[in-house]
Amino acid sequence: MAAVDVQSVRKIYKRDSQEIVVLDGLSLEVPEGEFVALMGPSGSGKTTLLNLIAGIDRPTSGKVIVSGTDLTTLSEGPLAKWRSRNIGFIFQFYNLIPVLTAVENVELPLLLTKLPRKQRRERAMTALKIVGLADRSHHYPRQLSGGQEQRVAIARAVVADPAVLVADEPTGDLDAKSAEEILNLLQTLNSDFKKTIVMVTHDPRAACRAHIERHLDKGVLMTTVERHDVAAPVGAR
Amino acid sequence: MKYLPYILKHLRKNWIRTASTIAAMALCIFLIASLQTVLAAFYGTIDTAATDRLITRHRISLAEDLPMAYEARIGAIAGVKRTAKTNWFGGVMGSSGGQPDMRNFFANFAVDAEPYLAMYPEYGLTDADKQAFMQDMRGAIIGPALAEKYGWKIGSTFQLESIIPPYRADKPFEFVVRAIYSVDTQKYPNHARDMMLFHWKYLYEKTGQRAGVGTYSLQIANPSQAAAIAKAVDSTFENSDTQTKTETEAQFVASFLALVGDLGLILNAIGMAVAFTILLVTANTMSMAIRERRTEIAVLKTLGYPSALVLALVLGEALVIGLLGSGLGVLMASTLIGNLGSIPGLQGFGSVAMSAGLAAGMFAVGAAMGLISGLAPAVGAYRANITSMLRQV
């Protein structure tokens, strides 16, 4: 079964009286456990497609089926609940809550569960260990480097153990070394934890880490590059 | 409750803004609570006025005395059980810079002791107390608050000098504490604990028999006949030089407080205006605070936080501000009210206290103001579209 199955999706934005077609009948399948990179020029619809897969936006027409659920049939409340259980979202600018420590940020998705405080904290610490930041758990975002912030954001994305991770240019705001670490981490999550990853990127070096590279242009999927020889993450456990 | 730390951390983040918003809210609650407590104290005297007591005073002004001869004629009117002469003495203890020292001001009345005490059971006295008082012309009955304030005991002596010229003698009046009344707070919750009574005859003699009668207190047999008896009293003196105005004790207090009633209206209007202004300021502050956190709201929603929960978190912040503000306001008001008696000229408010009901009401007002001020930003956060908010970053 495909982890992500986007069927003939159109997304049209209305700006005043003007209609802008962002996605034009796009279809995409991402098998379970795959690591897919979406590439394309600005305005090609990459982020819009990612948002549809993450269930934070709705298509004008077509279907978006993720982990067996047709997101287009869900109303606002059930869709939010579905997101909390099935999607881990990684933003370009990390988007950590500045007033919360690293562990509190990671714990945020777990507040929606019925887990007692102790278990929530334990799971958050486990997620921080996975990203190698257990020792910075009580640091605030302002006390962390960009790469560390993104790792905390990744811990937050995986803490509720979602099947699918979506990442919107996760290395776009990082220096080369930090970007490398983040890509290693994503690869580890894909290979060791069997997470399906859909990543939007402009960076060809980042795209090379994915098994499949899909190129979009003007809302249409153009080319596909498949790799079966992706190197193991540098420094992977 | 698991979201409370999240709410508190946000409030702590911009603590100056939070503190100033809480202070504004506290000021508003302080103002309303103080005014309401003082007004409640005024109106409480009306509520607890006995229905079987009438007050007869000079028709023109309270400042004018009535003839002593009226007492017998009033007492002879059908339905009148007893009468008692009562004069507001206006005595002050000590002087400062040649002027009466108003810091030591408390309510004091010269009364016709026997009938007065018989018609005012509010003054809790034993027979022995009454007897000791009756036997001493300079005797004084004082409230427990005065005993506490000045450390007076039975046998203590003190001097008062009136601020009313006809009641001033060559030397201040000397008094001996002969009884300390108690107050049954269940039966008479608003009865003052800081009053002083002394013999009317002492006033009369000490002023060289110049003092007239300020008011006559009348006890009637049947409260349902109050209006008829009042009319009968006033009719008796209709054609005399000194006409009277007789009314129930409640009416007397109400007319005495008519000015306060108008003042209450004005003060309440000011209080409402301040509350509304603070509400707008707080709402603006909340809107600013939430506008700054659009990304955060988008992130919460992306993580799966339902819109209703996001709304509740925003309202929670506003509620905490409201409750902290009202708590501080109530504390400030109760501190002020508790110390009113020590402010020169306000000694009469010494026994006033904020009721638990009013304090609870103020918390409710604070909470409501907080929630109302947070409503617009909360609804904005509820409706916010995730992708739009993320794009605005």
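Residues numbered from 1 in each chain as written. Chains lettered and ligands numbered in written order. Predicted model: local features only at pLDDT ≥ 70, side-chain atom pairs only at ≥ 80, totals over all residues. Heavy atoms only, no water.

How should I be thinking about the packing of aromatic side chains in this particular structure?
Geometry of an aromatic ring pair is reported as the spacing of the ring centres plus the angle between the planes. All names here are of chain B. Evaluation of the coordinates by the stated rule reveals 24 aromatic pairs over all chains. Measuring from centroid to centroid gives 6.2 Å for Phe106 and Trp152, while their planes differ by 80°, and the two rings are edge-to-face. Highlighted residues: Phe106 in the loop between strand E5 (99-100) and strand E6 (107-111) and Trp152 in the loop between helix H6 (144-150) and strand E8 (157-162), separated in sequence by 46 residues. The pair Phe106 / Trp152 is uniform in exposure class, with both members buried. An aromatic cluster of at least three residues, connected via ring pairs, comprises Phe89, Phe106, Tyr150, Trp152, Phe158, Tyr167, Phe173, Phe175, Phe198 and Tyr202. The residue whose ring lies beneath Lys85 is Trp200, and the NZ or CZ to ring-centre distance is 4.9 Å. In this arrangement the basic side chain of Lys206 is found over the ring face of Phe173, its NZ or CZ atom lying 5.6 Å from the centre. (Phe/Tyr/Trp six-rings, centres within 6.5 Å; stacked < 30°, edge-to-face > 60°. Helix = DSSP H or I, 4+ residues; strand = E, 2+ residues; numbered from the N terminus. Buried < 20%, exposed > 50% of the residue type's maximum accessible area, 1.4 Å probe, protein only. Lys NZ or Arg CZ within 6 Å of the ring centre and 35° of its normal.)

What is the right way to look at the sheet that holds strand E12 (residues 244-248) of chain B in this model?
One key point about sheets: their strands pair by backbone hydrogen bonds, in either a parallel or an antiparallel sense. Residues and elements named next belong to chain B. Strand order in this open sheet of ten strands is E3-E8-E9-E7-E10-E6-E2-E11-E1-E12, and the pairing throughout is mixed. Pairing within the sheet leaves two strands with one partner each, and these edge strands are strand E3 (91-92) and E12. Two elements, strand E2 (residues 80-88) and strand E11 (residues 215-220), share six bridges in a ladder whose sense is antiparallel. Along E11, the bridge assignment pairs Val80 with Ile220. Relative to E12, helix H8 (residues 226-236) is tilted by about 170°, and along the sheet it contacts strand E1 (53-58), E2, E11 and E12. (Pairing = 2+ DSSP bridges. Contact = heavy atoms within 4.5 Å. Axes fitted to C-alpha atoms, helices over the stretch in contact; angles between N-to-C directions.)

Whenever I open this one, the interface of chain A and chain B confuses me. Can you help?
When the parts come together, some accessible area is lost, and that loss is often what is quoted as the size of the interface. Tallying the contact residues gives 26 residues for chain A and 22 residues for chain B. Overall, the association of chain A and chain B removes approximately 2,000 Å² of surface from exposure, summing both partners, and the carbon and sulfur fraction of that is 67%. Three residues, Val99, Leu111 and Leu112 of chain A, lead the burial of chain A against chain B; their summed loss comes to 26% of the area buried on that side. The interface formed by chain A and chain B includes one salt bridge. Among the ionic pairs, Lys9 of chain B bridges to Glu104 of chain A, the shortest N-O distance being 2.6 Å. (Buried area = accessible area lost by both parts, 1.4 Å probe. Salt bridge = Lys/Arg side-chain N within 4 Å of Asp/Glu carboxyl O.)

Looking at this structure, how should I read the confidence of the model for chain A?
Any residue range with low pLDDT should be treated as having predicted coordinates unsuitable for detailed reading. Overall, the prediction assigns chain A a mean pLDDT of 91, with 96% of residues at 70 or greater. Taken element by element, chain A is modelled with least confidence in strand E10 (residues 220-226) of chain A, mean pLDDT 81, and with most confidence in helix H3 (residues 102-107) of chain A, mean pLDDT 96. (pLDDT = per-residue confidence, 0-100.)

Would you take a moment to explain the sheet that holds strand E8 (residues 196-200) of chain A for this structure?
Residues and elements named next belong to chain A. An order of E6-E7-E8-E3-E9-E10 is seen for the six strands of this open sheet, with the pairing classed as mixed. Edge strands, defined here as strands with exactly one partner in the open sheet, are strand E6 (87-90) and E10. Averaged over neighbouring strand pairs, the angle between their axes works out to 20° when direction is ignored. Of the pairings in the sheet, the one linking strand E3 (residues 35-39) to E8 comprises four bridges and is parallel in character. In the sheet register, Phe35 faces E8, and the bridge partner there is Ile197.

Please clarify how helix H11 (residues 294-302) of chain B should be interpreted in this entry.
Residues and elements named next belong to chain B. Within H11, seven of the nine residues are buried, which leaves it mostly tucked inside the rest of the structure. The complete set of buried residues in H11 reads Glu296, Ile297, Ala298, Val299, Leu300, Lys301 and Thr302. Two residues or fewer after H11 comes Gly304, characterised by a positive phi angle close to 110°.

Can you walk me through the side chain of Asp5 of chain A in this structure?
All names here are of chain A. Looking at where Asp5 falls in the secondary structure, it is placed in strand E1 (residues 2-15). For the buried Asp5, no salt bridge is present, and the opposite-charge side chain at shortest range is Lys63, 8.7 Å distant. One polar contact links Asp5 to Gln7, side chain to side chain, over a distance of 2.8 Å. Among all residues touching Asp5, those that are not within four sequence positions of it are Leu28, Glu29, Lys63, Val64 and Ile65. (Lys, Arg positive; Asp, Glu negative; His and termini not counted. Polar contact = N/O pair within 3.5 Å; in protein donor to acceptor, adjacent residues only side chain to side chain.)

How should I be thinking about unusual backbone geometry in this particular structure?
Residue and element names in this part refer to chain A. In the Ramachandran plot, Ser67 falls in the positive-phi region, its phi being about 50° despite a non-glycine side chain. Note on placement: Ser67 falls in the loop between strand E4 (61-66) and strand E5 (69-70). Given a relative accessible area of 26%, Ser67 falls into the partly exposed group.

Looking at this structure, I do not really get the pairing of E11 of chain B. What am I missing?
Regular strands place their side chains on alternate faces of the sheet. Residue and element names in this part refer to chain B. Of all six residues in E11, six are buried, a share of seventy percent or more. Here E11 shows no split at all, with Thr215, Ser217 and Gln219 on one side and Tyr216, Leu218 and Ile220 on the other all buried. One ladder, built from four bridges, connects E1 with E11; its direction is antiparallel. Along E11, the bridge assignment pairs Arg53 with Gln219.

Any chance you could explain the packing of H11 of chain B against helix H12 (residues 307-338) of chain B here in plain terms?
When two helices pack together, their arrangement is given by the angle between the helix axes and the distance between those axes. Residues and elements named next belong to chain B. Here H11 crosses H12 at 140°, and the two axes come no closer than 10 Å. Classified by the interaxial angle, the pair formed by H11 and H12 is oblique. Once H11 is placed against H12, the crossing between them reads as right-handed. Together, Ile297, Leu300 and Lys301 of H11 and Ser307, Val310 and Leu313 of H12 make up the contact between the two elements. Class assignment for the residues of the contact of H11 with H12 results in four nonpolar, one polar and one charged. (Parallel < 35°, antiparallel > 145°, perpendicular 65-115°, else oblique. Left-handed = near helix turned anticlockwise from the far one by under 90°. Nonpolar A, V, L, I, M, F, W, Y, C, P; charged D, E, K, R; others polar.)

In this structure, what is going on with the environment of Ile74 of chain B? I would like to understand it.
Residue and element names in this part refer to chain B. Assignment of secondary structure puts Ile74 in helix H3 (residues 70-75). Judged by its relative accessible area of 0%, Ile74 falls in the buried class. A sequence separation of 160 residues divides Ile74 from Asp234, and the C-alpha atoms of the two residues are 9.3 Å apart. Excluding its chain neighbours within four sequence positions, the residues that come into contact with Ile74 are Thr56, Val80, Thr83, Tyr216, Leu218, Val233 and Phe237.

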